[in-house]
Amino acid sequence: MNDTAYRQHSSHWGAFSARMDGGRLDIRPFEADPDPSPLLANIPASLDHPARIRKPLIRRGWLEDGPGPDQRRGSDGFVEVEWEEALQRTAQELRRLGAAPALPEDRPLPGASVFGGSYGWSSAGRFHHAQSQVHRFLNSVFGGYVASVDTYSSGAGSVILSLVLGNAIRLNRDHPYLRELAEETELLISFGGLPLRNLAVSAGGNSRHLGKSVLQRAAARGCGFVSVSPIADDFSDLPGVTRIAPRPATDTALMLGMAYRLHQTGRVDRAYLERYTTGYPAFEAYLTGSSDGVAKTPEWAEAICGVTASEIAALADRAAKSRTLINVTYSLQRAENGEQPVWMALTLACLLGQGGLPGAGFCYGLGSIGNIGKEALAVPLPTMPQGHNRVGDFIPVARISELLMKPGAAYTYKGETRRYADIRLVYWAGGNPFHHHQDLTRLKEAFSRPETIILHDSVFTASARHADIILPATITAERNDIGAGGNDPYLFAMEKLAEPFGEARDDYAIFANLADRLGCREIFTEGRDAQGWLEEMYEPTRAALEKRGCNAPSFEDFMQGARIDLPVRDTPGMMARFHEDPSGAPLETPSGRIELFSEIVAGAGLPGHAAWLAPAEWLCAPMAERHPFQLVSNQPATRLHSQLDFGATSMAAKEKGREVARLNREDAARLGIGDGDVIRLHNERGSVLASARPSDAIMQGVVQLSTGAWYAPEDLPGAGLTCVNGNPNAVTSDAGASVLSQGCAGQLCLVSLEKWDRPAPMAWPHKAPFSAV
Ligand SMILES: Nc1nc2c(c(=O)[nH]1)N[C@H]1C(S)=C(S)[C@@H](COP(=O)(O)OP(=O)(O)OC[C@H]3O[C@@H](n4cnc5c(=O)[nH]c(N)nc54)[C@H](O)[C@@H]3O)O[C@H]1N2
Ligand SMILES: Nc1nc2c(c(=O)[nH]1)N[C@H]1C(S)=C(S)[C@@H](COP(=O)(O)OP(=O)(O)OC[C@H]3O[C@@H](n4cnc5c(=O)[nH]c(N)nc54)[C@H](O)[C@@H]3O)O[C@H]1N2
Ligand SMILES: [Mo]
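Quick look at the structure, then. Values in this document were obtained by computation on a predicted structure and should not be read as measured data.

So, how was this worked out
- In every chain, residue numbers begin from 1 and rise along the written sequence.
- Naming scheme: in the order in which they are written, chains are lettered from A and ligands are numbered from 1.
- For this predicted model, a pLDDT threshold of at least 70 governs which residues receive local features, and a threshold of 80 or more governs which side-chain atom pairs are given and counted, while totals over whole chains, interfaces and linings are taken from all residues.
- Note that the side-chain values use all heavy atoms of the structure and ignore hydrogens as well as water.
- The working definition used for a salt bridge is a side-chain nitrogen of Lys or Arg within 4 Å of a carboxyl oxygen of Asp or Glu.
- Helix and strand assignments come from DSSP, with helices taken as H or I runs of at least 4 residues and strands as E runs of at least 2, each series counted from the N terminus.
- Any pair of Phe, Tyr and Trp rings, taking the six-membered ring for Trp, is counted once the centres come within 6.5 Å. Such a pair is stacked with planes under 30 degrees apart, edge-to-face with planes over 60 apart, and tilted for the rest.
- Working rule: Lys NZ or Arg CZ, within 6 Å of ring centre, within 35 degrees of ring normal, means a charge sits over the ring.
- Pairing between strands requires that DSSP locate at least two bridges from one strand to the other.
- The convention used is that axes are lines fitted to C-alpha atoms, helices contributing only their stretch in contact, and that angles between N-to-C directions extend from 0 to 180 degrees.
- In what follows, residue pairs with any heavy atoms lying within 4.5 Å of each other are defined as contacts.
- Buried and open spaces are told apart on a 1 Å grid over the protein atoms alone, a cavity being a set of points where a 1.4 Å probe fits but cannot get out and a pocket being an open set with protein on both sides within 12 Å along at least five of seven lines. Residues with an atom within 4 Å of a point are the lining residues.
- Grid points are joined across faces, edges and corners, and a volume is the space filled by probe spheres set on the points.
- The nonpolar class holds Ala, Val, Leu, Ile, Met, Phe, Trp, Tyr, Cys and Pro. Asp, Glu, Lys and Arg form the charged class, and all remaining residues, Gly among them, are polar.
- All the domain ranges listed were derived from an automatic or database domain assignment.
- In this text, near means that some heavy atom of the residue lies within 4 Å of the molecule or strand in question.
- Pairing of N or O atoms within 3.5 Å defines a polar contact, subject to two protein rules: one partner must be a possible hydrogen donor and the other a possible acceptor, and residues neighboring in sequence count only if both atoms are side-chain atoms.
- The Shrake-Rupley method, run with a 1.4 Å probe, gives the accessible areas here. Residue values count only the displayed protein chains as cover.

1. Points about the pattern of salt bridges
Counted according to the given criterion, the structure contains 57 salt bridges. One salt bridge in this structure joins arginine 136 and glutamate 526, with 2.9 Å as the shortest N-O distance. With a gap of 390 residues between them, arginine 136 in helix 3 (residues 130-142) and glutamate 526 in the loop between helix 19 (521-525) and helix 20 (530-547) connect regions that are remote in the sequence. Here lysine 654 makes a salt bridge to aspartate 645, at a shortest N to O gap of 2.7 Å. Among the charged side chains, a salt-bridge network with shared partners connects Arg59, Asp65, Asp70, Arg72, Arg73, Asp76 and Asp468.

2. Some words on the packing of aromatic side chains
In the structure shown here, the tally under the stated rule is 27 aromatic pairs. When the ring of tyrosine 538 is compared with that of phenylalanine 555, the centres are 5.9 Å apart and the planes differ by 55°; the resulting orientation is tilted. You can see tyrosine 538 sitting in helix 20 and its partner phenylalanine 555 sitting in helix 21 (residues 555-559), a full 17 residues away along the chain. What links up through ring pairs into an aromatic cluster is the set Phe127, Phe137, Tyr427, Tyr508, Phe511 and Phe524. A cation over a ring is seen here: arginine 28 above tyrosine 6, with NZ or CZ 3.9 Å from the ring centre. Above the face of the tryptophan 300 ring, lysine 296 is positioned so that its terminal group lies 6.0 Å from the ring centre.

3. Quick look at the sheet that holds strand 20 (residues 481-483)
One open sheet holds the three strands; their spatial order is 20-21-22, and the pairing between them is antiparallel. Each having just a single partner strand, strand 20 and strand 22 (563-565) make up the two edges of the open sheet. With direction set aside, neighbouring strand axes in the sheet form an average angle of 15°. In this sheet, strand 21 (residues 490-494) lies alongside strand 20 in antiparallel orientation, the contact comprising three bridges. Paired with isoleucine 482 across the two strands is alanine 493, which belongs to strand 21. Where helix 20 meets the sheet, it contacts strand 20, strand 21 and strand 22, and its direction lies at approximately 35° from that of strand 20.

4. Structural notes on the layout of surface pockets
For the largest pocket, the calculated volume is near 1200 Å³. For the largest pocket, the lining is made up of 39 residues, of which Trp121, His129, Thr151, Arg173 and Ala203 are closest to its centre. Considering each element in turn, the lining of the largest pocket owes the most residues, four residues, to helix 5 (residues 168-173). Classifying every residue of the lining of the largest pocket gives twelve nonpolar, 23 polar and four charged. Residues from two domains meet in the lining of the largest pocket; each of domain 1 (57-99 + 110-151 + 392-565) and domain 2 (176-375 + 574-603) gives at least three. Roughly 390 Å³ of internal volume is contained in the second largest pocket. Lining the second largest pocket are 30 residues, and of these His175, Tyr177, Gly355, Ala360 and Met575 sit closest to its centre. Mapped by element, the contributors of at least two residues to the lining of the second largest pocket are helix 5, helix 6 (177-183), helix 13 (339-352), strand 13 (361-364) and helix 22 (574-580). Examining the composition of the lining of the second largest pocket, we find that four residues originate from one element, helix 6, more than from any other. A class-by-class count of the residues in the lining of the second largest pocket yields 18 nonpolar, seven polar and five charged.

5. Observations regarding the site of ligand 2
Taken together, the neighbourhood of ligand 2 is formed by 30 residues, with Asp234, Ala249, Asp251, Ser331 and Ser368 sitting nearest. Between ligand 2 and histidine 641, the relevant distance is 2.8 Å, taken from an oxygen atom to a main-chain nitrogen or oxygen of the residue. Look at ligand 2: alone it shows 920 Å² of surface, and the protein chains cover 99% of it. The residue inventory of the shell around ligand 2, partitioned by class, reads 14 nonpolar, eleven polar and five charged.

Honestly, that's just the spatial picture; any functional story needs more than this.
This is the structure we're talking about:
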């Protein structure tokens, strides 16, 4: 490549320009970004790291013995093969499993035994988006696949809000919360804090990081902030911040205590409830105890959450007196009964009655994803069509182990009873289930079940280690694309920065070649190459820009490294229209209003209103007598999930290659644990080593270990299968959040914690089995 010119590119954590400088990628953050992310510094290592896969790999046992369930997955060796052989064998296996052109309508589709949910964030870039590619491919050759619904990000929360408020993610994309917080809010109560580290990221791109400046503007105006979190640094140090640290998983009780105080002091906004909500009487009967004999007083709440009754009452009083925004981050719902804190926060905001005021009311996910709360865009973004999935079967995304282990078994979802499909083939591209799923020992067992597992990735992740056929994919830096993300006000031409590593190929090229061998080329490619698709996808956005009289360059001009400013919508969003006219602009709920009682939820086996339901794993549970620490496995500050775990920012924060776990300084002293000591966290599900960092920021009884260290299981004498790199999913539970949502509940679990006083095994370096270096 030309070594002198900077070229434009983009990532989930920011746009940038880069050039090759002496074999190294030199990166400059996007000049209009007020607060570029340190995650950019992870990118240069991705070009040629020993973790990169240079050629297709086939697992030895699969090559020698053919497809079938196999316990050797995860510990078997791999054979490097030429592309021709890899594609030929892959196509042969897909054909064996039923892939064919023009599948007959009168027989069950072969895709009904293919799991193609393939959850994962993959990379920025609208065309080379791995999920879109794999879904389109499976639709083309199998007539469809068993899909996954909801996300690891927001399973319980999205399900409950879809029933009681409408599509939450869409509602949040639809409302300028950040501007209103900067200009209007008087009091922000944020459950889960508002950690700026998480605002680094947004799917598809986050080119202007606004969180820091928004909080500063609000603080300068005198806005008060209440950060409710077990971790003090989940909120920036700003004037006006109060920190409240309830026991993890008890926020619903805290909010009920506040609601009781509002009720008791006559400050429930009944006119608001009347006009905009349904079901308040049933909730009130629960709040006062007339339905269950327990009044949810601040004193009642104190006994559960550990925050004093007077603090709870004072917070309710303050909220009623101010223009108050109640925000709940995704983290609270990634937990057992995770629906409840979200529904309760919405209920509390309704009691306060400020939903129609700018900068007040209820907000979900501010502080979780960078672009939430930015202005909505006025033009559509380029989108790769995925084709039609005729199979129609799905799992709630975090039921992957169950699906593979229990074909035919019944489970419930949103009040329905469903059955798991019988899966023969798993096809994954753009995700790392051995990062994102819980209880990885169980996932190992689940991954031994299918006949064949095929995976595309650019690096040798733990998921690759558990696959049969690994096809090496390029990274974004090695291809041209279009960068854009919801609520991000730019469209970027993403220019190729480097030649592909080794023999890596684009996902699209791999799928097109396989489709060709299966007689399905035309249906998959529609006769287009990558450039043809980019042009096709660009046109609707260009046309919409032109129609609005905005700058709308031709495709050729755009792809020369251009950046287009996208117009934002100037009409009110759904929530604002609803508050203007609740019957003229009803919500997408059964009643058209906010449902404080839901028949569907009640019919699904949960209380019909928000309620405190004690989880199995919290600090006052019987299990805490065995495992007294609450593990908070939150998002990593130094990377996106497991991506680029080998990058400079990620590695610099580790200790001898091992992830750092923070625990309260007094807990550490009591257990004789010093800074840098290796500790072991464990429970009946598994075991993980981490490097200890005592800290005043962590509440007592809590240990924090972020996700993302690559899973590295070793059988350690006396400890069993133990992840030596520090992946918390070695110990988390993969039980669903509830019978309603079956959402991921990975954020919180109980563990024992002790100093590891035997010789500590080395952390596993990030390395492909046949690496270049
Ligand atoms: N305990 C616990 N677990 C959690 C969470 C938690 O809070 N606690 N959080 C959960 C959440 S919110 C999420 S979203 C998930 C995230 O889970 P994932 O989205 O699975 O995590 P990533 O590390 O982003 O995995 C993306 C993978 O795609 C690969 N990739 C990137 N670009 C491409 C490409 O172009 N082609 C191909 N073929 N591959 C590509 C990357 O190398 C990487 O291996 O984790 C969940 N897991
Ligand atoms: N840098 C970076 N940013 C990211 C990501 C990343 O991997 N890296 N991932 C992105 C993705 S995919 C998602 S979905 C979002 C996730 O966004 P979130 O789920 O909101 O983020 P987390 O970091 O998991 O959790 C935020 C904080 O919630 C607090 N918390 C946990 N349990 C409780 C509780 O019971 N009560 C209260 N009050 N607080 C609690 C913890 O202290 C934790 O630090 O983040 C996104 N942002
Ligand atoms: Mo997520």
